[in-house]
Structures are given as C-alpha cells and as structure tokens.
Amino acid sequence: MKQTIEEHTPWCREWEQELSRLYREYVARKQQLNVLDFDDLLLYWHVMMQTPALANSLSKNFDHVLVDEYQDTSALQGEIVQALKPDGRA
C-alpha cells in the first residue's frame, strides 16, 4: 500500500493507515458477500486466459471481438483480447 500511495497518490500519505484499513474491509466484505468488482472480473478473466486450452475454448465462442475505444483499454484488458484472438482472426 505504501508504495502505491507514494507512486500514484502521494497527497494521501497522511491517510495511509485509514486507506489500508478501508481496503482490507472492502476486500473482506466482497468475500463475505461472494461478489466481485470490475477489477476482480478482469483479473480472474486474465488468469483464465493464461491456460491455453481454456483460452482456445473461450475463443471458439466468438466469431469476432470488437473493442470500442481500444486506446482507453488497460494493458490487462489488451492481454485478454489478445488471448481471445491471438492471430487477430475469427
């Protein structure tokens, strides 16, 4: 947490303990309720796409993969798309 704050939000240094507690509580609550947020969905999907057989199986479900606003995707999202259609073909 400290490194993240220093690199991305240094103006929040004084709230490091509170932010850390808030994050831990957020994660615990998600687990308690068996829910995922958008970042969780991306991370789990990315992990799934690292298994070639699973990535290939999922890829067969899509004739085309269209990405709106590709310039606004994260590296993680780009890797997911690449794993779905590694050769760029259907």
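Presented here is an overview of the structure given in this document. Predicted model only: the values in this text are computed from it and were never measured.

Calculation criteria
- As a convention, each chain's residues are numbered from 1 in the sequence order in which they are written.
- In keeping with the model being predicted, local features are shown solely for residues with a pLDDT of at least 70 and side-chain atom pairs are shown and tallied solely at 80 or more, while totals for entire chains, interfaces and linings include all residues.
- For the side-chain quantities, the full set of heavy atoms in the structure was used; hydrogens and water were omitted.
- Put plainly, a pocket is an open set of points on a 1 Å grid over the protein atoms alone with protein on both sides within 12 Å along at least five of seven lines, a cavity is a set where a 1.4 Å probe fits but cannot get out, and a lining residue has an atom within 4 Å of a point.
- Grid points are joined across faces, edges and corners, and a volume is the space filled by probe spheres set on the points.
- Think of it this way: any DSSP run of H or I at least four residues long counts as a helix, any run of E at least two long counts as a strand, and we number them from the N terminus.
- Put simply, a nonpolar core is a bunch of buried Ala, Val, Leu, Ile, Met, Phe, Trp, Tyr and Cys residues held in one set by side-chain atoms that sit within 4.5 Å of each other.
- Three exposure classes are used, based on accessible area relative to the maximum for each residue type with a 1.4 Å probe and protein chains only: buried under 20%, partly exposed in between, and exposed over 50%.
- Interaxial angles span 0 to 180 degrees and are taken between N-to-C directions of axes, which are lines fitted to C-alpha atoms, for helices over the stretch in contact.
- If an angle is under 35 degrees, it is roughly parallel; if it is over 145, roughly antiparallel; if it lies from 65 to 115, roughly perpendicular; otherwise it is oblique.
- Left-handed describes a crossing whose near helix is turned anticlockwise from the far helix by less than a right angle; the clockwise case is right-handed.
- Any two residues having at least one pair of non-hydrogen atoms within 4.5 Å are treated as being in contact.
- Ten residues, namely Ala, Val, Leu, Ile, Met, Phe, Trp, Tyr, Cys and Pro, are considered nonpolar, four, namely Asp, Glu, Lys and Arg, are considered charged, and the remaining ones, Gly among them, are considered polar.

## A few points about the layout of surface pockets
Space left empty within the atom packing is revealed by a probe, the size of a water molecule, rolled over the atoms.
Point 1. Of the volumes computed, that of the largest pocket is approximately 210 Å³.
Point 2. In this structure, the largest pocket is lined by 13 residues; those nearest its centre are Trp45, Val65, Val67, Ile80 and Val81.
Point 3. Listed by contribution, the elements that provide at least two residues to the lining of the largest pocket are α3 (38–48) and α5 (75–84).
Point 4. When residues of the lining of the largest pocket are assigned to their parent elements, the largest contribution, 4 residues, is made by α5.

## So, the nonpolar core
Point 1. Among the nonpolar cores identified, the biggest contains 6 residues, and these are Leu42, Met49, Ala55, Ile80, Ala83 and Leu84.
Point 2. Looking at which element gives the most residues to this core, the answer is α5, with 3 residues.

## Quick notes on the packing of α3 against α5
Point 1. At their nearest, the axes of α3 and α5 sit 10 Å apart, and the two run at 40 degrees to each other. Judged by the inter-axis angle, α3 sits oblique to α5. Between α3 and α5 lies a crossing whose hand is left-handed. Seen from α3, the contacting residues are Phe38, Leu42, Leu43, Trp45 and His46; seen from α5, they are Leu76, Gln77, Glu79, Ile80 and Leu84.
Point 2. Grouping the amino acids of the contact of α3 with α5 by side-chain chemistry returns 7 nonpolar, 2 polar and 1 charged.

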